[in-house]
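Each chain, written out:
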Amino acid sequence: MIPRYLVDIDIDALPVVDTDVIVIGAGIAGLFTALRAAGEAQSVVLVTKKSLLDSNTRYAQGGIAAVISEDDSPEYHLQDTLVAGAGLCDREAVDVLVHEGPLGIEHLIKLGTQFDKENGEFALTQEGAHSQRRILHANGDATGYEIVRALSEKAISEPGIDVWDNHFVIDLVTADNVCYGAIVQRSNGERVFLRGKSTILCSGGAGQLYRYTTNPEVATGDGVAIAYRAGANIRDMEFTQFHPTALCYPGAPRFLISEAVRGEGAFLRNIKGERFMEKYHEQLELAPRDIVARAIVSEMEETKSTFVYIDITHQSEQLIKHRFPTIYQYCLAYGLDLTSDWIPVAPAMHYMMGGVQTDLHGETNIARLFACGEVSSTGVHGANRLASNSLSEAVVFGSRIVDRIVKLAPIEAMPSIVYKAERQPHAMQPFVERRLKLQKVMVRHTGLKRSRQGLQRGLEELNRQRAIFDTVLMEREEFEFANMLTCALLTTSSALYREESRGGHYREDFPHRDDERWCKHTIINRNQDQLKEWIEYV
C-alpha cells in the first residue's frame, strides 16, 4: 500500500508559514496563476523545487493556440480539439478553452510577453491536426522561454508573491477531505507546514518516467503522486503523448524538433529517403501526434533503424533561420545544418494527458485543492492533446481558478494531524540506478506500443520497488523516486485496464478503438482501494 504521507508528521510540532494562496510549480500555469491571484490582493507563496526557469514551459517551442485570425473561429478550434482527443474530450471544457483562449493571450501580452508579428499582425503558423493557422509564437521557436521570461520577471517584482526557490513539496496536508496546505522541505533539510486558504498544483508532467523524453529533469510526476496520496481522483493516466520528432543523434539529448517544423512544410523520410506518411494518414505529416509517432516507429521497425529523418531543406534558408533559430543553432552545435541536412529524429515522451481530475474551475474532489496545467485533467485533451493547446489551457484555467479562490472564506480552524509509520532505512542501491531501471521498464513495457503480457511484466518489475514506501526518505531524489514509482504504477495499471487503442494509448493486442465498451475514463482513487479502477462514462 502506498502510504498517505512519505514522512512522519506532527503538524503542531512544525514551524508554520501562513498565506492566502499556495502555488506549487513555476511553469506557465504556476507563474500566471500566481500573478493573477496577487492581482486580486491575495498573498501568494510560489514554491518551485529548482528555479523559476526550470519547467516544461521553458522548452515549449511551437507556440500557443488561440483563435486570433478572422479566417478562424472558436468552432473550428473546438472541432480540431475534439477530433484529436479521440472521443474523450469534455466538450464543455473545450468550449471554455476555445472561447476564453484569446483573452488569455491578451493577459500574457499585458504581462510582457512579446509574440512574433509580421506587417503589424501576429504571425500565425499551423501545426499538426489544426485546420487553421492559429499558433502564436515568439522568437521563432522559443515561445515557452519568452513566456517564462516575461512572467518570471513580473513574479519576482510582484510584492504579493513570495518565491521559494529550491524547496520541495513532500505532501499535501488534508483532513476530512479538505486541503490545508503542504509539508515543504527547505534546501537545508528543515521542514515547514505551509498553510493556505487554497493550494494549487501547477507541478507539470512526468516525462522523466521514460528514458527518452523532451522534458527537463524536474518533470518527475510529483503533483500527481502527492495528490493521489491525499485522495484526489487521478484520471486517464494511460494516455501518454510521445512527441514524434525528437533529435536522435549520438551525444545529443532528445531535443524537441517542434511540430511547427512540419507545420511549415517539412517532410518525414525513412532511412531510405522515402516519404512514408501517405501510408498512414490522409493529413500526411500534419496528422495527430499519436499517429505520426506510431508511423515513425513502424518505419523504424520495417527498415531496422533507430530513427527517421525530418527534411525541411526544400524551404528557403531565410525562412528556416528566421522561424526556427533555436532549433537551427542547437542542431548546428552537433554538426547538423537544418537548411541543408535531413535531421535524424525519433519519438520521445512529451506530455501527460491524464492527471488530477478537476472541474471547470480547476477544483479537485478535495476542497481547497486545485490543479492547473499539465498536472491537471480538465477534460480538454481527451486521449490525445492537440498541439499548442497546453499553454492555452494553463492560462484559461489559471484565470478560472483565481475566480474561484477569491470567493473562499479564510480557514478558521483545522484539526491536529499526526501521522507515524514503521519505516526502515532503505537499501544502499543509489537512487540514480533505481531511477534508470524504472525508466527502462516504462520504455520497454508502457511505451508507444503496449500489450497485456508486457504491461503485466512491467507491473511485476515496478512492484519489486514498492519497499521504498516503507523506508525513511530524506533527500529530494528519494522523494522524486517515490513519486515516479507512484506515477509509473498508476500509468501501467491504467494501460493494462484499457483493452483498446485510443489516442496516446496503443495496445498491440487490442489495436482498434472500441467506442461501445471504452468511450469512458479511467479514474483511480487511493481511498477506493489501492490501484482499483472505476469507470466514469463520457
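Whatever comes next refers back to the structure up there.
Keep in mind that this is a model prediction, so the values were computed, not measured. Residue positions are counted from 1 within each chain, in the order its sequence is given. For a predicted model such as this one, the threshold for reporting local features is a pLDDT of at least 70, and the threshold for listing and counting side-chain atom pairs is 80 or more; totals across whole chains, interfaces and linings nevertheless cover every residue. Water and hydrogen atoms play no part in the side-chain values, which are based on all heavy atoms of the structure.

Visitor: I would appreciate a short explanation of the overall build of the chain in the present structure.
Guide: Per the secondary structure count, the chain includes 14 helices and 23 strands. Relative to the compact-globule value of 24 Å for 538 residues, the chain shows a C-alpha radius of gyration of 22 Å, a close match. Over its C-alpha atoms, taken along the principal directions, the chain stretches across nearly 65 × 55 × 45 Å. Across the chain, every contact between residues at least 6 apart in sequence was considered, and the portion connecting residues at least 24 apart equals 73%. Counting every atom, the chain has about 20200 Å² of accessible surface; 47% of that belongs to carbon and sulfur. If the 57 positive side-chain charges of the chain are averaged to one point and the 73 negative ones to another, these points end up 4 Å apart. Going along the chain from the N terminus, every DSSP run of H or I of four or more residues is numbered as a helix, and every run of E of two or more is numbered as a strand. C-alpha atoms define the radius of gyration, and 2.2 Å times the number of residues to the power 0.38 defines the globule rule. Contacts are residue-level and defined by heavy atoms, with any inter-residue pair within 4.5 Å sufficient. Residue exposure ignores everything except the shown protein chains as possible cover, and the areas themselves are Shrake-Rupley values with a 1.4 Å probe. Here the positive residues are Lys and Arg and the negative ones are Asp and Glu; neither His nor the chain ends is included. A charge is said to be at NZ when it belongs to Lys, at CZ for Arg, at CG for Asp and at CD for Glu.

Visitor: Before we go on, may I ask you to explain helix α3 (residues 91-110) in this structure?
Guide: Every α-helical turn comprises 3.6 residues, leaving residues that sit three or four positions apart pointing alike. Helix span, expected: 1.5 Å multiplied by one less than the number of residues in the helix. Here α3 spans 29 Å end to end across 20 residues, near enough to the 28 Å set by a 1.5 Å rise per residue. Note on bend: at a given residue it equals the angle between the axes fitted to the 7 residues ending there and to the 7 starting there. Helix geometry: α3 is bent most strongly at Gly101, by close to 45 degrees, with proline Pro102 lying one to four residues after it. Here α3 has its buried residues at Ala93, Val94, Val96, Leu97, Val98, Gly101, Gly104, Ile105, His107 and Leu108. Definition of a polar contact: a pair of N or O atoms within 3.5 Å, with one able to donate and the other able to accept a hydrogen when the atoms are protein atoms, and with sequence-neighbouring residues admitted only if both atoms are side-chain atoms. Residue Asp90 occupies the N-cap position of α3, its side-chain oxygen lying 2.9 Å from the main-chain nitrogen of Glu92. The positive-phi residue at the C-terminal boundary of α3 is Gly112, with phi of around 110 degrees. Residue exposure (1.4 Å probe, protein chains only): buried if accessible area is under 20% of the type maximum, exposed if over 50%, otherwise partly exposed.

Visitor: What should I look at first to understand the sheet that holds strand β4 (residues 64-65) in this one?
Guide: What links the strands of a sheet is backbone hydrogen bonding, and the strands pair in either a parallel or an antiparallel sense. Criterion used throughout: strands pair if DSSP finds at least two bridges between them. On the basis of which strands lie adjacent, the open sheet formed by three strands has the order β4-β8-β7 and antiparallel pairing. Both edges of this open sheet fall to β4 and β7 (124-125), since each of them pairs with a single strand only. Relative to strand β8 (residues 135-136), β7 is paired through two bridges, and the arrangement is antiparallel. Paired with Thr125 across the strands is Ile135, a residue of β8.

Visitor: Hey, could you run me through the environment of Lys272 in this one?
Guide: Mapping Lys272 onto the fold places it in the loop between β15 (267-269) and α7 (289-303). Assessed through its relative accessible area of 60%, Lys272 is described here as exposed. Taking the C-alpha atoms as reference, Lys272 lies 28 Å from Gln318; in sequence the two are 46 residues apart.

Visitor: Explanation requested: the environment of Glu121 in the structure shown.
Guide: Tracing the backbone shows Glu121 in strand β6 (residues 121-122). Taking the C-alpha atoms as reference, Glu121 lies 31 Å from Thr378; in sequence the two are 257 residues apart.

Visitor: Would you mind showing me how to read the pattern of salt bridges here?
Guide: For this document, the term salt bridge refers to a Lys or Arg side-chain nitrogen within 4 Å of an Asp or Glu carboxyl oxygen. Inspection of the entire model under this criterion finds 34 salt bridges. Here Glu480 and Arg476 are joined by a salt bridge, their closest N and O atoms 3.3 Å apart. Highlighted residues: Glu480 and Arg476, both in helix α13 (residues 476-497), separated by four residues, approximately one helical turn. Judged by relative accessible area, which is 3%, Glu480 ranks as buried. Here Glu500 makes a salt bridge to Arg502, at a shortest N to O gap of 2.6 Å. The two residues Glu500 and Arg502 agree in class, both being buried.

Visitor: Got a minute to help me understand the pairing of strand β2 (residues 16-24) in this structure?
Guide: Across a regular strand the side chains alternate sides, sitting on one face of the sheet and then on the other. Pairing of β2 with strand β12 (residues 191-201), which is carried by eight bridges, proceeds in the parallel orientation. Note that in β12 the partner of Ile24 across the bridge is Leu201. Since β2 and strand β3 (residues 44-47) lie parallel, the crossover through helix α1 (residues 28-39) that links them has a hand, and here it is right-handed. Seen with its strands pointing away from the viewer, a crossover is right-handed when the path leading from the first strand over the helix to the second is clockwise.

Visitor: Quick question: what am I supposed to make of the sheet that holds strand β16 (residues 308-311) here?
Guide: If you walk across this open sheet you meet the four strands as β14-β17-β16-β15, and the pairing is antiparallel. In this open sheet, the two strands that pair with only one neighbour each are β14 (240-247) and β15. Pairwise comparison of adjacent strand axes, ignoring direction, gives a mean angle of 45 degrees for this sheet. In terms of strand pairing, β16 meets strand β17 (residues 343-352) through three bridges, oriented antiparallel. Comment: axis = line fitted to C-alpha atoms, over the contacting stretch for helices; angle = value between 0 and 180 degrees taken between N-to-C directions.

Visitor: Would you mind showing me how to read the packing of aromatic side chains here?
Guide: Two aromatic rings, taken as a pair, are described by how far apart their centres are and by the angle between their planes. Any two of the Phe, Tyr and Trp rings considered here, Trp counted by its six-membered ring, make a pair once their centres fall within 6.5 Å; the pair's planes then place it as stacked at under 30 degrees, edge-to-face at over 60, or tilted in between. Here the structure, examined in full by the defined rule, presents eleven aromatic pairs. Measuring from ring centre to ring centre gives 6.4 Å for Phe115 and Phe122, while their planes differ by 80 degrees; the resulting arrangement is edge-to-face. Note on Phe122: relative accessible area 26%, which makes it partly exposed. Judged by centre distance (5.2 Å) and plane angle (85 degrees), the rings of Tyr210 and Phe242 are edge-to-face. Placement of the pair is Tyr210 in the loop between β12 and α5 (222-230) and Phe242 in strand β14, with a sequence separation of 32 residues. One aromatic cluster is present, formed by Phe255, Tyr330 and Tyr334 through successive ring pairs. The ring of Tyr5 has Arg4 sitting right over it, with the charged end atom 3.9 Å from the ring centre. The rule for a charge over a ring is simple: NZ of Lys or CZ of Arg within 6 Å of the ring centre, and within 35 degrees of the ring normal. For Lys520, the ring lying beneath its charged end belongs to Trp518, and the centroid distance is 5.0 Å.

Visitor: Whenever I open this one, α13 confuses me. Can you help?
Guide: Along its 22 residues, α13 runs 32 Å from first to last C-alpha, staying within 8% of the 32 Å computed at 1.5 Å per residue. For α13, a buried count of 19 out of 22 residues is recorded, marking the element as mostly surrounded by other parts of the structure.

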